[in-house]
Amino acid sequence: MGRDDRDDGSFDDEPDDVKLDDDSGDSLFQTEADVTCPYCGESVQITLDPDGGEEQEYVQDCEVCCRPWTVHVTYDDEGAADVSADTTE
Ligand SMILES: [Zn+2]
């Protein structure tokens, strides 16, 4: 019972290009992200600071277990953040 049979032809236009594509200065940088704590495994939402630059690394404590993460943030051209949290050890 294929519940989503592939339908050729519905893939012809690119859905990623729908949003506004002007670079007139107000890029929408992502300001929140979910990361998984490397210690306790909980998913925690953190707040990002786009003013910190395209690549950031800082230490932040887990809200659940209070242990320190090293947080890595990388913004791509569209303002989407790639965020990961590692142990500080
Ligand atoms: Zn934790």
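Everything below is about the structure shown above.
Structural notes, computed from the coordinates. In this text the structure is predicted, and so the values were computed from the model without any measurement. Position numbers for residues start from 1 in each chain and track the written sequence from start to end. Thresholds applied to this predicted model are a pLDDT of at least 70 for local features of residues and 80 or more for the giving and counting of side-chain atom pairs; totals over whole chains, interfaces and linings are not thresholded and use all residues.

This part covers the pairing of strand β2 (residues 43-47). Within a regular strand, side chains alternate between the sheet's two faces. Exposure criterion: with C-beta atoms placed from backbone coordinates, a residue whose C-beta has 20 or more other C-beta atoms within 10 Å is buried, one with 12 or fewer is exposed, and one in between is partly exposed. We count a stretch as a helix when DSSP gives it H or I for four or more residues in a row; a strand needs E for two or more, and each element gets its number in order from the N terminus. The buried fraction of β2 amounts to zero of the five residues, a small share that puts the element mostly on the outside. When strand β1 (residues 32-36) meets β2, the two strands line up antiparallel, connected through five bridges. Of the residues in β2, the one forming a bridge with Glu32 is Thr47. Connecting β1 to the next strand, β2, in antiparallel fashion are six residues, including Gly41 with a positive phi near 80°. Here, strands pair whenever DSSP counts at least two bridges between them.

So, on to the pairing of strand β3 (residues 55-61). Among the seven residues that make up β3, zero are buried, leaving the element largely open to the surroundings. Where β3 folds back on strand β4 (residues 68-75), the antiparallel hairpin that results is connected by six residues, among which Cys66 adopts a positive phi of roughly 65°.

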